[in-house]
Amino acid sequence: MSPVPGTKSADAFLSTAWLAAGRSLERPPAGVRDTVSLRLEITDPPPGAPAAVDVAVDLAAGRLGVAAAAGEPPGLRIALPHAAARALLLGSPQERAGVFERGDVRAVGNFSLLFFVDAALRRDGSGHVAALRAAAGLPAPARPQRPSAEPAGAEAAEAVEHARETLPGTVREIEREVGTSTPGAQLHVSLDGVTLADAGLGEARPGVAMTHRSLPLWYCCAKPLLSAALGRLWEAGVYDPYLPVAHYLPAFGRAGKESVTSMDLLTHTGPLPTGDDPLHGVVAGPDDERLGRALGVTVPPWSRRAAGVNYSQWWAWFVLARILPVADGREYRPYVEQEILGPCGMADTRVHLTPEDFAAFGDRLPLIHVSNPGSAPQPTHWWSTEAATTRCIPGVNTRGPLSDLGRFLTMMLRGGDAPGGRVLSPTTVAALTARHRTGLRDRYGNADWGMGFRLECRHLGEEFTSFGTHTSPRSYGHDGLWTAVAFADPDAGLTVAVHLNGKVAHERHRERILRIADAVYRDLRLC
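First, a word on what this report is: a plain description of the structure on this page. (Residues numbered from 1 in each chain as written. Predicted model: local features only at pLDDT ≥ 70, side-chain atom pairs only at ≥ 80, totals over all residues. Heavy atoms only, no water.)

Points about the packing of helix α7 (residues 168-177) against helix α18 (residues 506-523)
Part 1 of the argument: Two numbers describe how α7 lies on α18: the axes approach to 7 Å, and their chain directions differ by 160°. Taken together, the axis directions place α7 and α18 in an arrangement best described as roughly antiparallel. Here α7 runs over α18; the crossing is right-handed. Together, P168, G169, T170, E173, I174, R176 and E177 of α7 and R508, R512, R515, I516, A519, V520, R522 and D523 of α18 make up the contact between the two elements.
Part 2 of the argument: In terms of residue class, the contact of α7 with α18 is made up of 5 nonpolar, 2 polar and 8 charged. (Axes fitted to C-alpha atoms, helices over the stretch in contact; angles between N-to-C directions. Helix = DSSP H or I, 4+ residues; strand = E, 2+ residues; numbered from the N terminus. Parallel < 35°, antiparallel > 145°, perpendicular 65-115°, else oblique. Left-handed = near helix turned anticlockwise from the far one by under 90°. Contact = heavy atoms within 4.5 Å. Nonpolar A, V, L, I, M, F, W, Y, C, P; charged D, E, K, R; others polar.)

What about the sheet that holds strand β5 (residues 106-108)?
Part 1 of the argument: Reading across the sheet, the 5 strands line up as β3-β2-β1-β4-β5 and stay open at both edges, with mixed pairing between neighbours. Single-partner strands in this sheet number two, and they are β3 (64-68) and β5. Direction aside, the axes of adjacent strands within the sheet are offset by 20° on average.
Part 2 of the argument: Looking at chain direction, strand β1 (residues 35-42) and strand β2 (residues 52-58) are connected through 7 bridges and run antiparallel. Looking at β2, one finds that L38 is bridged to V55.
Part 3 of the argument: Here helix α4 (residues 113-123) sits on the sheet and contacts β1, β2, β3 and β4 (76-80); the angle it forms with β2, its principal contact strand, is near 75°. (Pairing = 2+ DSSP bridges.)

Focus: the environment of T349
Part 1 of the argument: Tracing the backbone through its elements, the reader meets T349 in the loop between α13 (332-344) and α14 (355-361).
Part 2 of the argument: For T349 and P401, which are 52 residues apart along the polypeptide, the C-alpha to C-alpha distance reads 6.9 Å.

Function cannot be inferred from these measures alone, as they are strictly geometric.
This is how it looks when you write it as structure tokens:
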């Protein structure tokens, strides 16, 4: 990010003059939901620059407020070098994504808000980002030309028509969202092991059609893969989820984590609140940095008897995956490929990409888009760079067509039996999907939980509906950070997987997913 010749140096960022330019802009409204506040703590401030700045981003209008930090910090705090802070606020989408691939950034708080901040900065509806770039002496980033839309092809179009014939109401509900809350979608539905729909609609990335062969990011819908892997080790007698994690990973048994078990982590009742996830700043960073933070993190005082819901997006799964080589000798990726993906016939799924995969798959890799209030979905480069896609981030970074996710869920419905051989015993499937966490709730509608599986909890109240208003209480699966859901209903013999590559706020996403899932049951007369 070089300054324009003859203009101010890029070191003008956070200077007295630059902050004055920021004060001259109309500030975002404070204390309203559409304004996200964060504090950037600069680890190497240049002479004369503040050591911390408060930033307010108006998600709706795109206004950007910056000032030297004062008073109590907001809920989201990021410690990072000066150059990384400049990239985060004023850089291109690719540069913003790269901030969290460096290895020298720490974040505390609601990290997921950064998706929406990224979309607001990219759109720059108020022109504030452009003004602050100019004040820092930075050139305007090149606006990519939108490529002409390419047709999906005959095979993909035929897949959509088949889905429309079989599940007309479901496809209508998805088409309501395509072009509004999301640029594209992928759907897979099977009943008693027979595929009824396997189709893609809309766009995977600008100008590129989403098809049934696209490889969307599963986000947390990938977490059950690790649950199944640990279940296999449990069957083999080389792993016990009720033993402390430190029994397998001695380096974990420090700083208040001595008694934490795998079951605590699998049910998201461990001692570390979501906002304190030590991998927030380096989730796609270097392996050694992530490992050191994950094993060495200090946790607050904790009692299992007083445990609450502490959902772990990545920290717990990163730790749990380290048990595999200790118990079996194989790392997470080869173990899952050989013992789960292979037998299930999930040939197109990648636990994480290799550099060769990244080059070969190209446009088959959808971009996540983010919708802020009143604006069209904006493409983001989070989780789409080569550095991010090729990192092993267990439970998050898996990519594959939803037909493969359907194959995994069908294996579970069949008591662990897969076309390529048995993956799990029926007893283990029952144990993984049993109610191990009960009596706990969170504000996102999560309640009872299995061993890494979300469970249907509608019986606890409408607000705890997990998958749909017609799913049976025995249903299990997972969702993926306001983009996806995948579940199996044993009573109906049904598997459903939906991916929408447009991320929206939690309430909006929940509403659209429940409508789509309910439409499946109506179309199949399973209500």
